[in-house]
Amino acid sequence: MDNPPAAGRATPAGAWCAAAAILLYVALLMGVRLGLSPFLEIDEAQFVGAVDLRLVYANSHPPLYNWLVRGALELSGGHWAIAVTAVKGVLLAATYLLVFDAARRLGGLTTGLLAVALMAFMPQISWMSAHTLAHSVLVMAAAAGVVNGVVRLATGPRWSAFVIIGLATAVGALAKANIFILVIPMALAMLTDRFWTQRLASLWAMAVPLIVGVLAGPAVWAMSQALQSSTERIEKLYRVGPFAPFDVPVLGLDGLISLAVAFIASAGIVAALTLCYGRRTPALDEAAGAVRRLLWRTLALALGLSAAAIFATDISSVHERYLTPVLMPLPVVAALHLAPWRPWRIIGVAAAIFLAVPIGMSAMKAFDNHRFARPYDVLAAVILPHVPGDRVSIAAGRESLAANMAIAFQRAGRQAWVEKDRHAPMTPHGLDLEPGEGDPVPPRPGFCALESLTVTAPMQNQMGRPMTVRATVSERC
């Protein structure tokens with residue numbers, strides 16, 4: 001079958017209207033984010049001082065997100081909030097559009113809308129990705145691209161499908177390694193299904209490894225040569241978690257429980273809806289049936305193999321965000337099952353949830369100890385007169401504190417860099433910061449203390465709680 005089914009061609013005006021609604025919603029999220037604060041959330045702050053276009057960065061992340069932020073910084077004139085918001089906005093829009101298009105090709109406009117609606121019930125996608133996650137948003141968009149490419153492989157021309165799969169896999173490899181928890185099980189599921197082996201029997205299939213090798217190969221090779229930096233986050237998998245009482249020697253029983261809880265928290269509502277109301281499976285053509293079969297098998301293999309690996313390697317902690325790429329097939333396949341059962345009721349509830357996201361983001365600033373409400377500008381204004389010279393290097397135990405204070409100094413007209421920025425010029429003076437009351441902050445090695453002070457300012461929200469920072473001004477000695 002080399003032509004899309006009738007459902008995929010139906011109501012082009014409706015499809016364009018749906019795409020426009022998705023773009024307007026993402027624009028709303030971006031506008032709210034920019035209106036809340038010129039400063040950065042914790043995942044956004046990690047890029048300050050780490051956008052120098054290298055292949056290997058600290059914290060185990062591949063380099064693509066850093067590169068995208070660097071490009072956005074250049075286009076925005078160095079405005080950090082605009083840069084990180086633009087990158088995330090593009091990735092969120094891509095995720096929703098790719099999922100919508102995949103489901104629409106299989107079941108028509110309503111199924112496409114339903115697939116997007118089901119993502120509202122997956123908090124890692126609808127909530128966490130909108131306001132805090134970074135690399136996970138990139139790998140989520142890549143996983144949506146893989147799913148979209150697979151649907152195109154079943155319903156349309158093979159060459160474009162293989163190109164999309166290759167590009168999406170390469171982007172995923174340059175985003176986070178957990179893209180392969182989706183890609184490898186999907187490849188195994190394809191090889192055990194006659195429909196898919198026939199679709200793979202094409203010279204265009206070679207485009208996938210070629211594209212991945214050319215685009216992602218250099219970064220993967222560089223990361224393999226710098227294992228200390230590229231694998232440092234693995235230790236988080238072995239940290240004692242909330243299910244430690246269930247741990248047994250050598251085996252990851254507590255990790256299995258953590259995986260189950262992460263799945264329920266991320267996709268439990270969608271899975272429950274599908275189980276309870278998706279049993280009346282609609283009649284599907286051969287291509288849609290093959291996609292549905294493949295996506296369920298991919299999910300089963302990905303979760304099963306992950307569970308086996310966790311159990312065998314004694315992993316203790318699985319965070320919900322680790323499952324994000326694995327779960328991207330779920331809204332598409334669940335939409336196929338739920339389309340005959342009151343789809344517009346689900347879409348209506350989902351619309352309310354999506355609209356609650358920007359309200360929730362605003363409420364966090366207004367009533368919580370959130371970084372968007374922290375008075376970095378006020379603190380910087382008090383500290384600035386105590387820092388001699390026009391250039392300063394800022395360090396802090398918390399990466400977000402150093403990054404946001406550097407931005408505050410820059411907003412006040414002072415040249416400031418974070419300590420980890422290896423391309424920053426040599427600065428004669430340093431500023432070491434720590435939150436809260438306590439003893440003076442010791443200067444970093446190579447610097448001698450000039451002055452220590454404690455600064456307090458009220459949070460810039462309805463609560464107005466005080467925020468205290470200890471600062472030590474130093475010079476090279």
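Quick note: structure is the one above.
To start, this report covers the structure provided alongside it. Note that the structure is a prediction, hence the values are computed from the model and not measured. (Residues numbered from 1 in each chain as written. Predicted model: local features only at pLDDT ≥ 70, side-chain atom pairs only at ≥ 80, totals over all residues. Heavy atoms only, no water.)

## Focus: the packing of helix 5 (residues 80–107) against helix 7 (residues 123–131)
Two elements in contact, helix 5 and helix 7, have axes whose closest approach is 10 Å; the angle formed by their N-to-C orientations is 165 degrees. Accordingly, the angle class assigned to the pair helix 5 and helix 7 is roughly antiparallel. When you trace helix 5 past helix 7, the crossing you get is right-handed. On the side of helix 5, the interface is formed by Lys88, Leu92 and Tyr96, while helix 7 contributes Ile125, Ser126, Ser129, Ala130 and His131. Here the contact of helix 5 with helix 7 is composed, by residue class, of four nonpolar, three polar and one charged. (Axes fitted to C-alpha atoms, helices over the stretch in contact; angles between N-to-C directions. Helix = DSSP H or I, 4+ residues; strand = E, 2+ residues; numbered from the N terminus. Parallel < 35°, antiparallel > 145°, perpendicular 65-115°, else oblique. Left-handed = near helix turned anticlockwise from the far one by under 90°. Contact = heavy atoms within 4.5 Å. Nonpolar A, V, L, I, M, F, W, Y, C, P; charged D, E, K, R; others polar.)

## Regarding the packing of aromatic side chains
Under the defined criterion, the tally for this structure stands at seven aromatic pairs. The interplanar angle of 80 degrees and the centroid separation of 5.1 Å between the aromatic rings of Phe195 and Trp196 together place this pair among those described as edge-to-face. With a relative accessible area of 12%, Phe195 lands in the buried category. Every member of this aromatic cluster is reached through a ring pair, and the members are Tyr25, Tyr96 and Phe354. In this arrangement the basic side chain of Arg444 is found over the ring face of Phe447, its NZ or CZ atom lying 4.9 Å from the centre. (Phe/Tyr/Trp six-rings, centres within 6.5 Å; stacked < 30°, edge-to-face > 60°. Buried < 20%, exposed > 50% of the residue type's maximum accessible area, 1.4 Å probe, protein only. Lys NZ or Arg CZ within 6 Å of the ring centre and 35° of its normal.)

## Points about the packing of helix 8 (residues 135–155) against helix 15 (residues 286–313)
Close contact between helix 8 and helix 15 brings their axes to 9 Å; oriented N to C, the two are set at 145 degrees. For the pair helix 8 and helix 15, the crossing hand works out as right-handed. Residues Val150, Val151, Ala154 and Thr155 of helix 8 lie in contact with helix 15, whose contacting residues are Ala287, Val291 and Leu294. Of the residues belonging to the contact of helix 8 with helix 15, the class tally is six nonpolar, one polar and no charged.

## Notes on the environment of Ala142
Residue position: Ala142 is located in helix 8. The buried category is assigned to Ala142, whose relative accessible area is 3%. If near-sequence neighbours (up to four positions away) are discounted, Ala142 is found in contact with Ala168, Val171, Gly172 and Ile179.

## As for the environment of Met459
As for its placement among the helices and strands, Met459 is situated in the loop between strand 4 (447–458) and strand 5 (466–476). Given a relative accessible area of 6%, Met459 falls into the buried group. For the pair Met459 and Tyr376, spaced 83 residues apart in sequence, the C-alpha separation works out to 9.2 Å. Contacts of Met459, omitting those with residues within four sequence positions, involve Asp368, Asn369, His370, Ala373, Arg374, Pro375, Gly464, Arg465 and Met467.

On their own, these measurements won't tell you what the molecule is for.
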